[in-house]
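Residue-level structure breakdown
Here is how the chains run, residue by residue.
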Amino acid sequence: MTVSLQMEAVMGERRTAESVLERGLFASRWLMAPMYLGLVVALLMLLVIFFRELAYYVPQMLTLSPEKTILVVLTLIDLTLAANLLLIVMFSGYESFVSKFDFDPGTDRPGWMGKVDFGGLKMKLIASIVAISAIHLLKRFMEIGDPDLPAPSEGHLFWLTVIHMTFVLSGVLMALMDWLQARSAK
């Protein structure tokens, strides 16, 4: 009987140590919270840069060439897509890895919020990266005929294209992996 009581005491201590460890690991998710606050600062940086670009080009709007106007618009779209990407990562990452939002935003809540799982987050992330890459590549191709800008070299354009296609291929492969995983789960 003594051996049995000793075994129960050891098992109780083990369960207690395991419980403390598990609670500590679970609480460590809050170490991510300052990183999400840092992303809020990054979002503010993008906002400042967006308005700096806007303030620089609005006074020139009557004298800008159509090509230069398109480049400016693409730059603003690029910044907006990067900001959207930050929001998706902040909201989805926080809700997936730290805690659910405890307030009721009512009808102002984005439709995807609370519904994007890690797989959906990956797909939104790669889609945003591909879009940003495509805009950057388009801007470089449009600069080819601009006499005010140095023409990008063929090697530079080649590598931008290779990098863009790598992003596209990565996105297709991620989608394929998610599709295969969902199919195998059925």
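Structure's up top.
Residues numbered from 1 in each chain as written. Predicted model: local features only at pLDDT ≥ 70, side-chain atom pairs only at ≥ 80, totals over all residues. Heavy atoms only, no water.

1. Remarks on the layout of surface pockets
Worth spelling out the cut-off: Cavities and pockets were defined on a 1 Å grid built from protein atoms only: a cavity is a group of points that admits a 1.4 Å probe but offers it no way out, a pocket is an open group of points flanked by protein on both sides within 12 Å along at least five of seven lines, and a lining residue is one with an atom within 4 Å of any such point. Grid points are joined across faces, edges and corners, and a volume is the space filled by probe spheres set on the points. Helix numbers and strand numbers start at the N terminus; a helix is a DSSP run of H or I with at least 4 residues, a strand a run of E with at least 2. Three classes are used, and their members are as follows: Ala, Val, Leu, Ile, Met, Phe, Trp, Tyr, Cys and Pro are nonpolar, Asp, Glu, Lys and Arg are charged, and the others, Gly among them, are polar.
Of the volumes computed, that of the largest pocket is approximately 160 Å³. In terms of lining residues, the largest pocket is bounded by E53, Y57, K68, L71, V72, T75, D78, H136, K139, R140, E143 and L149. Of all the elements in the fold, those that place two or more residues in the lining of the largest pocket are α2 (33-57), α3 (66-97) and α4 (118-142). A total of five residues in the lining of the largest pocket trace back to one element, the largest contributor, which is α3. A per-class count over the lining of the largest pocket returns four nonpolar, two polar and six charged.

2. Some details on the pattern of salt bridges
Put simply, the rule is: Counted as salt bridges are all cases of a side-chain nitrogen of Lys or Arg within 4 Å of a carboxyl oxygen of Asp or Glu. Throughout, exposure labels follow a simple rule: accessible area from a 1.4 Å probe, protein chains only, divided by the maximum for the residue type, with under 20% read as buried, over 50% as exposed, and the rest as partly exposed.
Evaluation of the coordinates by the stated rule reveals one salt bridge. Its salt-bridge partner being E53, residue R52 comes within 3.7 Å of it at the nearest N-O pair. Accessibility expressed as a relative area gives 52% for R52, which makes it exposed.

3. Re the packing of α3 against α4
We count it as follows: Helix axes use the C-alpha atoms of the stretch in contact, all axes being lines fitted to C-alpha atoms, and the angles between their N-to-C directions lie in the range 0 to 180 degrees. An angle counts as roughly parallel when it lies under 35 degrees, as roughly antiparallel when it exceeds 145, as roughly perpendicular when it falls between 65 and 115, and as oblique in every other case. Crossings are sorted by hand: turned counterclockwise from the far helix by less than a right angle, the near helix makes the crossing left-handed, and turned clockwise it makes it right-handed.
Interhelical geometry of α3 versus α4 gives an angle of 165 degrees and a closest axis separation of 10 Å. Judged by the angle between their axes, α3 and α4 are roughly antiparallel. Between α3 and α4 the crossing geometry is left-handed. Taken together, the residues that form the contact of α3 with α4 break down as 19 nonpolar, four polar and four charged.

4. A closer look at the side chain of R140
Applicable threshold: Residue contacts are defined here by distance: any two heavy atoms, one from each residue, within 4.5 Å place the two residues in contact.
Here R140 shows up in helix α4. Dropping the residues within four chain positions of it, R140 is found in contact with P152, H156, L157 and L160.

5. Digging into helix α5 (residues 154-185)
This is how the line gets drawn: Residue count minus one, scaled by 1.5 Å, sets the expected span of a helix.
A rise of 1.5 Å per residue sets the reference length of α5, with its 32 residues, at 46 Å; its end C-alpha atoms lie 46 Å apart and thus fit the reference within 8%. Buried within α5 are the following residues: L157, L160, H164, G171 and D178. Looking at the packing, one finds that the buried side of α5 touches α4.

6. Some points on α4
Relative to the 36 Å expected for 25 residues at 1.5 Å per residue, α4 spans 36 Å between its end C-alpha atoms, a close match to the ideal helical length. By the burial criterion, the buried members of α4 are G119, L121, I126, S128, V130, S133, I135, L137, K139 and R140. Packing partners of the buried residues in α4 comprise α3 and α5.

7. Considering a nonpolar patch on the surface
Quick reminder of the rule: Patches draw on residues past 30% relative accessible area with no salt bridge. Two like charges within 9 Å are joined, as are two nonpolar side chains (Val, Leu, Ile, Met, Phe, Trp, Tyr) within 5 Å. The Shrake-Rupley method, run with a 1.4 Å probe, gives the accessible areas here. Residue values count only the displayed protein chains as cover.
Where nonpolar side chains cluster on the molecular surface, the patch consists of L169, L173, L176, W179 and L180 and spans about 490 Å² of accessible area. Secondary-structure assignment places L180 in helix α5. For L180, a relative accessible area of 43% puts it in the partly exposed group.

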